[in-house]
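Next come the chains, spelled out residue by residue.
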Amino acid sequence: MLRRSSSLVRWAAGTALAGCLCLQMAHAATPIANPEALLKQTWDLQVTDHPRSLQLLAQLNQHAASLTPDQQWHLRLLNAWEAKYESDYDKSEALLKDIAQHSGNPQLADRASAMLLSQYGITRHYTEAFDLAGRLAVRLPQVTDTKARYALLLNLSQAMGMAGQTDLAVRYARMAMAADSAANSQCYAAAILVEALWDGHRLKSDSPELQQAFDACPTATEPLYNRNITVTLADLYAHGGQPRKALDLLDRLQSRADASGYALNKLTMLEARAWALAALGEDDAARKVALAIVAAGSSRDFNPWLKDAYEVLYHIEKKQGHAAAALDYYEKYAALDKAYLDDVNARAL
């Protein structure tokens, strides 16, 4: 089976977490005593405590007029990150371009460019992605800010992985790992290295880079990245002849995934569960899970989970001798598989 390309979706946005509106209202009237500290705290909480970061972001937006011009640019970057997380890509792209072109702050411009590079991959704007990647690679030696350089390295790794340039993707990820102590973000580089190996079909369930990433991204402090890595391992088990291990891992992860509201994790987990159940011969359960993916997706656009769900359904119906149903699912799978291959070719070009 041709698995999904993680570089397209790994850092894509999930759904906004429920209840944020009331939390925003609760902080609307609170004055900001130290805007710099609040901006930094909001950044730090984005992937470790997203609901709390939403509260602080609402407070900052409520008092945006009282911020200095540079602080307002920082706030725009926070709003761009949140828009990307919520899949509002038009909004985030406009904000990121504005910051990169007009903020006058090289550090913010570099960070915005790194985020924009990642988003171009998610939205499959490949010409723009690789044009920007080329410009950022040329600029990299001049980037002295530790965090901005770190962000550029991570996103260049993703861009190269997306283009099928695995050696370059691994090289940039390892460059980021070499700088991660100064960036104070050890987890992210380790997770991006896992992704680069995954994209290059060089990752196995017992690869030492996986354990390295788990060690760097404990659940207590890096729940989002830990969950992503765990989903990757479950998928490797499911497609690597260890379906029982996949199901055990998915069962242990389920409550955390449900609480996160991160839609892409849930879809990947459903796909891995469907494949594992089918491998164990539990056809009725596998069909139910695959149909849940179908219900959540749309065949109008390329959807890697939907493609895999149709493949599972095709094999089940064929196995049970339901020729008409098997043919219908195969045709749907084949159409999405062609779209997948077209997408791979577009990235390679």
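Note that the structure is predicted; figures quoted are calculated from it, not measured.

### Re the overall build of the protein chain
Next, step 1: Each helix and strand in the protein chain was counted, giving 18 helices and 0 strands.
Next, step 2: Out of the 349 residues belonging to the protein chain, those deemed buried represent 55%.
Next, step 3: Long-range contacts, defined as pairs at least 24 residues apart, comprise 63% of the intrachain contacts of the protein chain with a sequence gap of at least 6.
Next, step 4: Accessible surface for the protein chain amounts to roughly 15700 Å². Of this, 53% is attributable to carbon and sulfur atoms.

### A word on the environment of Thr 219
Next, step 1: Inspection of the secondary structure assignment puts Thr 219 in the loop between α12 (208-216) and α13 (223-239).
Next, step 2: With 171 residues separating them along the chain, Thr 219 and Thr 48 place their C-alpha atoms 9.3 Å apart.
Next, step 3: Beyond its immediate sequence surroundings of up to four residues, Thr 219 is in contact with Asn 226 and Arg 256.
Next, step 4: A distance of 3.1 Å separates a polar atom in the side chain of Thr 219 from a polar atom in the side chain of Asn 226.

### Structural notes on the pattern of salt bridges
Working definition: two side chains of opposite charge can pair if their charged atoms are close together.
Next, step 1: Taken as a whole and assessed by the stated rule, the structure comprises 15 salt bridges.
Next, step 2: A salt bridge links Glu 93 to Lys 97, with the nearest nitrogen and oxygen atoms 2.9 Å apart. Taken together, the positions of Glu 93 and Lys 97, both in helix α6 (residues 89-102) and 4 residues apart, correspond to about one turn of that helix.
Next, step 3: In this structure, Asp 337 and Lys 307 form a salt bridge, with 4.0 Å as the shortest nitrogen-oxygen distance. Taken together, the residues span a long stretch of sequence, with Asp 337 in helix α18 (residues 323-348) and Lys 307 in helix α17 (residues 304-319) at a distance of 30 residues. Per residue, the accessibility class of Asp 337 equals that of Lys 307, and both read buried.
Next, step 4: The network of salt bridges with shared partners includes Asp 284, Arg 287 and Glu 317.

### Here we look at helix α7 (residues 106-122)
Next, step 1: Relative to the 24 Å expected for 17 residues at 1.5 Å per residue, α7 spans 24 Å between its end C-alpha atoms, a close match to the ideal helical length.
Next, step 2: Here α7 lies mainly inside the structure; 14 of its 17 residues are buried.
Next, step 3: Within two residues after α7, Arg 124 carries a phi angle of roughly 65°, on the positive side.

### Some remarks on the state of the cysteines
Next, step 1: Evaluation of the coordinates by the stated rule reveals 1 disulfide.
Next, step 2: Through a disulfide, Cys 187 is tied to Cys 217; the S-S separation comes to 2.0 Å. Looking along the S-S bond of the Cys 187-Cys 217 disulfide, the torsion reads about 105°, which is the right-handed sense. Note that Cys 187 is positioned in helix α11 (residues 186-199) and Cys 217 in the loop between α12 and α13, a separation of 30 residues in sequence. Of the two residues, Cys 187 and Cys 217, neither departs from the other in class, the shared state being buried.

### Re the side chain of Asn 155
Next, step 1: In this fold, Asn 155 is placed in helix α9 (residues 146-162).
Next, step 2: A residue is classified by how much of its surface remains accessible, and Asn 155, at 11% relative accessible area, is buried.
Next, step 3: Look past the residues within four positions of Asn 155 in its chain and what remains in contact with it is Ala 114, Met 115, Leu 117 and Ser 118.

### Here we look at the nonpolar core
In globular proteins that are soluble, nonpolar side chains generally tend to be buried together.
Next, step 1: Counting residues in hydrophobic clusters, the biggest one holds 106 residues, and the most contacted among them are Leu 77, Leu 117, Leu 210 and Tyr 225.
Next, step 2: A total of 11 residues in this core trace back to one element, the largest contributor, which is α11.
Next, step 3: Contacts of Leu 210, omitting those with residues within four sequence positions, involve Val 194, Leu 203, Lys 204, Ser 205, Ile 229, Leu 233 and Leu 236.

### Some thoughts on the packing of helix α3 (residues 35-45) against helix α4 (residues 50-62)
Next, step 1: Contact geometry of α3 with α4 gives a least axis separation of 8 Å together with a crossing angle of 150°. By the criterion of interaxial angle, the relationship of α3 to α4 is roughly antiparallel. Between α3 and α4 the crossing geometry is left-handed. Note on element contacts: α4 touches α3 through His 50, Arg 52, Ser 53, Leu 56, Leu 57, Gln 59 and Leu 60, opposite Leu 38, Leu 39, Gln 41, Thr 42 and Leu 45.
Next, step 2: For the contact of α3 with α4, the residue count by class is 6 nonpolar, 5 polar and 1 charged.

### Things to note about the packing of aromatic side chains
Next, step 1: All told, the structure shown has 6 aromatic pairs when counted by the stated rule.
Next, step 2: Each ring, one from Tyr 188 and one from Tyr 225, has its centre 4.7 Å from the other, and the planes form 40°; the classification is tilted. Here Tyr 188 is found in helix α11, whereas its partner Tyr 225 is found in helix α13, with 37 residues between them in sequence. Tyr 225 shares its class with Tyr 188; the two are buried.
Next, step 3: Sitting above the plane of the Trp 73 ring, Arg 76 keeps its charged end 4.2 Å from the centroid.
Next, step 4: Between Lys 307 and the ring centre of Tyr 340, over which it is positioned, the NZ or CZ distance is 5.2 Å.

Criteria and thresholds
Residues numbered from 1 in each chain as written. Predicted model: local features only at pLDDT ≥ 70, side-chain atom pairs only at ≥ 80, totals over all residues. Heavy atoms only, no water. Helix = DSSP H or I, 4+ residues; strand = E, 2+ residues; numbered from the N terminus. Buried < 20%, exposed > 50% of the residue type's maximum accessible area, 1.4 Å probe, protein only. Contact = heavy atoms within 4.5 Å. Areas by Shrake-Rupley, 256 points an atom, 1.4 Å probe, with all protein chains shown as cover. Polar contact = N/O pair within 3.5 Å; in protein donor to acceptor, adjacent residues only side chain to side chain. Salt bridge = Lys/Arg side-chain N within 4 Å of Asp/Glu carboxyl O. Expected span 1.5 Å × (residues − 1). Disulfide = S-S within 2.5 Å. Core = buried A, V, L, I, M, F, W, Y, C linked by side-chain atoms within 4.5 Å. Axes fitted to C-alpha atoms, helices over the stretch in contact; angles between N-to-C directions. Parallel < 35°, antiparallel > 145°, perpendicular 65-115°, else oblique. Left-handed = near helix turned anticlockwise from the far one by under 90°. Nonpolar A, V, L, I, M, F, W, Y, C, P; charged D, E, K, R; others polar. Phe/Tyr/Trp six-rings, centres within 6.5 Å; stacked < 30°, edge-to-face > 60°. Lys NZ or Arg CZ within 6 Å of the ring centre and 35° of its normal.

As far as function goes, none of this settles anything; it's purely spatial.
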